[in-house]
Amino acid sequence: MLKLKSWLFAVLVLAITAAPVVAESNNAKKSNDNAANTASAEGSPAASPNPSPSPSPSPSINPSVSLAATDANVTALLGVLVMKGVLAPAEANAIQNAAPSAQFQVLVEALSRKGVLNAADLSATAKPATPPAVAAAAVPAPENETMSSSLTTAEASPQSQTQPQPPYPSRVAGEVAPPPTAVVTAVTPIRVFPVDAPKPGGLAGIKAGPITLAPYGFIKSTIVHDSSDPDGDDFPFPGIWLNAGNNSTFNTGPTQDPEVHVKARSTRFGVNFEWPDVSPKLTITGKIEGDFEGNFTEVDNADVTSIRNNQPRLRLAFVRLDYHASENTDLFFVGGQDWTLFGSGALMNIVETTFNGAFWGNVWERSPQLRVGFIQTLEKEHHVNLEGQFGVMMPSTGQILKLGNAANNGLGAQLGQGEREGADADRPEYEGRVALSYQIDRARGVAPAQIAFAGFHSRRTSIVPNSSYLCDGGEDILACSLESAFPNGFQASSTQWGGQVVAQLPTRWFTLTATAYKGGDLRFFLGGQINGYVTDTGDLTATSGPYVTADGGPLAAAGGAELGCTVALVSGACPSGDAAVAPQRPVRAFGGFLQVGLPLSRWFNADPKGHNAGWQLHLLVGKDQVVNRDLNNPGFSGSLPMLMGKSAIATLYYKVNNWATFGFEQSIYATRAEDHSLLYTIAGVPSNEWQDHRTEFGPIFTF
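Residues numbered from 1 in each chain as written. Predicted model: local features only at pLDDT ≥ 70, side-chain atom pairs only at ≥ 80, totals over all residues. Heavy atoms only, no water.

Draft legend 1. Focus on the confidence of the model for the chain. In this model, the chain carries an average pLDDT of 81, and 77% of its residues clear a pLDDT of 70 or more. Taken as a whole, residues 1–70 scores under 50 in pLDDT and shows 103 contacts with residues more than four places along the chain or in a different chain. Across residues 127–177 the pLDDT falls below 50, and counting only partners more than four positions away or on other chains, this stretch makes 106 contacts in the model. (pLDDT = per-residue confidence, 0-100. Contact = heavy atoms within 4.5 Å.)

As structure tokens, then:
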């Protein structure tokens, strides 16, 4: 009898372990299944997310199973397996009706097909006198039964080791621990858009009623040395030196201005969500993500310590609805603040994530948006997916507060331009993206490759009310003649546009990520060397302005709102009908980056479960450059004198385990001035180029 109880308890544990697998398969069943299937695992207690660990010690057999009392042991086991949903009633009947000498073998084969037993378990069943090993699970025995001391822990099957992953890929390398594999994984490129559509029940996390929540994030603490940091930031910033002051602009003083920082504000936190729905074709997921890289506290109790009181800020907050139209077609909608389709399709994999290569070849942004798209599976064997997306974004532009002064209202101009110029254009920003994914290397642990194209088009507008006019009695003849053509005020506008191509090519030996972009007025996307738009007066014979605008202008490092005359002046005035708004044009720029990731541990066949499985080396070069003609056009006003930014970065990661990684990064960031001018004075020496040799090291703990 003790032997029977040990067998029974082992099968109970195996059934509980296999319950999620059975429940998943049952969820895929159609509603018109026959009555026998309906009475199987889908409706049994085992299908519950939290089955009771202590079922009744004498469960009754499902009445739909007619069992002959020829073998009490097999009858009891089959009854438990039917109740737990491991076997369907029809399967139990087939086993019971087999020859008595073959019943045990037929049962073992059925459990093997369902993944309940693995190869090690099958080997153990070759000795019927020895109870099979069970998976490690702390399941208490019923009160009237005792656990046999002969029950030992066995290795879980591959299916039981695979854990469901969140519906979105990792936003930053290391956010979500990958499932265990038999080999060291190749370098996975950073992707903010999923290759595959999320599936119902695909999020593993904490149950809060019907909602599943999966917290994630990382704690990063690094020490940083910059060979030259005139801005005093703890991240690289282009060579415009906003903190130097009017008397020492572009001058580092007696040294190169080296600095040391210790920072923890790169720490990040987030939660993935999944909501249930009555339709098996609809998946509803979402994400909220934040960090501590916002502004610093300004209150009396933390005034003198404000440098370490950085405040949290919102990074992402969106909901996604996926409609699985067919096995190969997914249609989705996203609403909220997410990554932009333009620029964010490929990101640098580096330790420095506060500015993340901005203005040095890595264009990216997050923005409020509504977008729709599809993921079409073209071929499953090679993981060929076609993705298309289109969205409307918040039309946005930006101004730098420290470029302002008392005359042009730095803070007011920064907030005013960011809040108004995009919105005042009275149209959303349009963005689109198309991507093709393909498994170019079918080795284990290698992600699919992807080639993508993205673009955007937007417009910004400045409004000049007639209260800003300069004609106050006829003294300014030119201004009065120009302003009379626009008695109610005028608007000055310019376009914003961009295109980008991305290639991410993972293989077992290396992963290549390359991106190239070109556009106009890329300041908001952190490109174009902080340039935005200029005012073009080249075809005007005379101008009046710049005028004060509703958004806080005239603005530094941007074109002013002006009026001009298109013909020769007559007695100092512009003839009637020949007045025009001076056109504003975007400053064009281009750039991109190339990064190679080398999975060193995989090269040397490291043990994927050992402490040497996480060595990776990443080598990167990047560039962001303004079109030289836009900087040297004599009719343009409002541009900055910087021609290009260049970066070269080497990053070494050592991953202790799935939660702890150490990163060491050595990088060079350089800014070059236009026309070989000696714009900078570095340690007393005039120079055309400013460089920062940066070293950063520290741990990253993920959760």
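From this point, the narrative continues.
Draft legend 2. Spotlight on the packing of aromatic side chains. Within the structure shown, the criterion is met by 21 aromatic pairs. Their ring planes at 80° and their centres at 5.7 Å tell us that Phe490 and Tyr547 sit as a pair that is edge-to-face. On the criterion of sequence distance, the pair formed by Phe490 in strand S15 (residues 490–506) and Tyr547 in the loop between strand S18 (542–544) and strand S19 (563–565) is long-range, its members being 57 residues apart. The buried category is assigned to Phe490, whose relative accessible area is 5%. On the accessibility criterion, Tyr547 (1% relative accessible area) is buried. For the ring pair Phe524 and Phe525, a centre distance of 5.9 Å and an interplane angle of 85° mean the geometry is edge-to-face. Take Phe524: its relative accessible area is 21%, and that puts it in the partly exposed class. An aromatic cluster is built from Phe235, Phe237, Phe355 and Phe359, whose rings are joined through pairwise contacts. Across the ring face of Phe332, the terminal group of Arg320 is positioned such that the distance to the ring centre comes to 4.0 Å. Directly above the ring of Trp339 sits Arg366, whose terminal nitrogen or CZ lies 5.1 Å from the centroid. (Phe/Tyr/Trp six-rings, centres within 6.5 Å; stacked < 30°, edge-to-face > 60°. Helix = DSSP H or I, 4+ residues; strand = E, 2+ residues; numbered from the N terminus. Buried < 20%, exposed > 50% of the residue type's maximum accessible area, 1.4 Å probe, protein only. Lys NZ or Arg CZ within 6 Å of the ring centre and 35° of its normal.)

Draft legend 3. Structural view of the nonpolar core. Residues Phe237, Ile240, Trp339, Leu403, Ile530 and Tyr680 are the most contacted members of the largest nonpolar core, which totals 46 residues. Of all the secondary-structure elements, those providing two or more residues to this core are strand S9 (313–324), strand S10 (329–339), strand S25 (642–655), strand S26 (660–673) and strand S27 (680–682). Sorting elements by how many residues they give to this core places S10 first, with three residues. Tyr469, Ala492, Ala542 and Ala561 belong to the second-largest nonpolar core, a separate cluster that totals 14 residues. (Core = buried A, V, L, I, M, F, W, Y, C linked by side-chain atoms within 4.5 Å.)

Draft legend 4. Focus on helix H4 (residues 89–96). Here H4 has its buried residues at Pro89, Ala92, Asn93, Ile95 and Gln96. In an axial view of H4, the angular spread of the buried residues amounts to 160°, which keeps them on one side of the axis. (Arc of directions from axis to C-beta.)

Draft legend 5. Layout of the side chain of Thr222. Topologically, Thr222 is positioned in strand S5 (residues 222–226). Here Glu696 takes part through its side chain, which lies 2.8 Å from a polar atom of the side chain of Thr222. Beyond its immediate chain neighbours, meaning those up to four positions away, Thr222 contacts His261, Val262, Lys263, Val351, Glu696, Phe697 and Gly698. (Polar contact = N/O pair within 3.5 Å; in protein donor to acceptor, adjacent residues only side chain to side chain.)

Draft legend 6. View of helix H5 (residues 103–113). Within H5, the full set of buried residues consists of Gln103, Leu107, Val108, Ala110 and Leu111. The buried side chains of H5 occupy one side of the element, clustering within an arc of 160° when seen end-on.

Draft legend 7. View of the sheet that holds S18. Taken together, three strands build an open sheet; the order of strands is S18-S19-S20 and the sheet is antiparallel. For this open sheet the edge positions go to S18 and strand S20 (579–581), each flanked by a neighbour on one side alone. In this sheet, adjacent strand axes meet at a mean angle of 30° when their direction is disregarded. Pairing geometry for S19 and S20, over three bridges, is antiparallel. (Pairing = 2+ DSSP bridges. Axes fitted to C-alpha atoms, helices over the stretch in contact; angles between N-to-C directions.)

Draft legend 8. Layout of the pairing of S9. Pairing between strand S8 (residues 282–291) and S9: 10 bridges, direction antiparallel. Paired with Ile284 across the strands is Leu321, a residue of S9. Pairing of S9 with S10, which is carried by eight bridges, proceeds in the antiparallel orientation. Within S10, the residue paired with Asp322 across the bridge is Phe332. Once S9 ends, the chain turns through four residues before running back antiparallel as S10.

Draft legend 9. A look at the pattern of salt bridges. Enumeration according to the criterion identifies 20 salt bridges in this entry. With a closest N to O distance of 2.9 Å, Glu289 and Arg315 form a salt bridge. With Glu289 in strand S8 and Arg315 in strand S9, this pair connects stretches of sequence that are 26 residues apart. Neither residue differs from the other here; Glu289 and Arg315 are each classed as buried. Three or more residues are tied together by salt bridges with common partners; here these are Glu289, Asp291, Glu293, Arg313 and Arg315. (Salt bridge = Lys/Arg side-chain N within 4 Å of Asp/Glu carboxyl O.)

Draft legend 10. Looking closely at empty space enclosed by the protein. What the rule picks out here adds up to five cavities of 30 Å³ or more. The space that makes up the second largest cavity amounts to roughly 80 Å³. As for the second largest cavity, its lining consists of 13 residues, of which Pro189, Ile190, Asn349, Thr513 and Gln595 are closest to the centre. Among the secondary structure elements, those contributing two or more residues to the lining of the second largest cavity are strand S16 (511–520) and strand S22 (588–598). Here the lining of the second largest cavity takes three residues from S22, the largest share from any one element. (1 Å grid on protein atoms, 1.4 Å probe; cavity = no way out; pocket = protein on both sides within 12 Å on 5 of 7 lines; lining within 4 Å. Points joined across faces, edges and corners; volume = space filled by probe spheres on them.)

Draft legend 11. Up close: the side chain of Gln529. Note on placement: Gln529 falls in the loop between S16 and strand S17 (533–536). What makes Gln529 buried here is its relative accessible area of 0%. One polar contact links the side chain of Gln529 to the main-chain carbonyl oxygen of Phe359, over a distance of 2.9 Å. Apart from the residues within four sequence positions on either side, Gln529 is in contact with Phe359, Asp624, Val626, Leu640, Met642, Leu643, Met644, Gly645 and Thr671.

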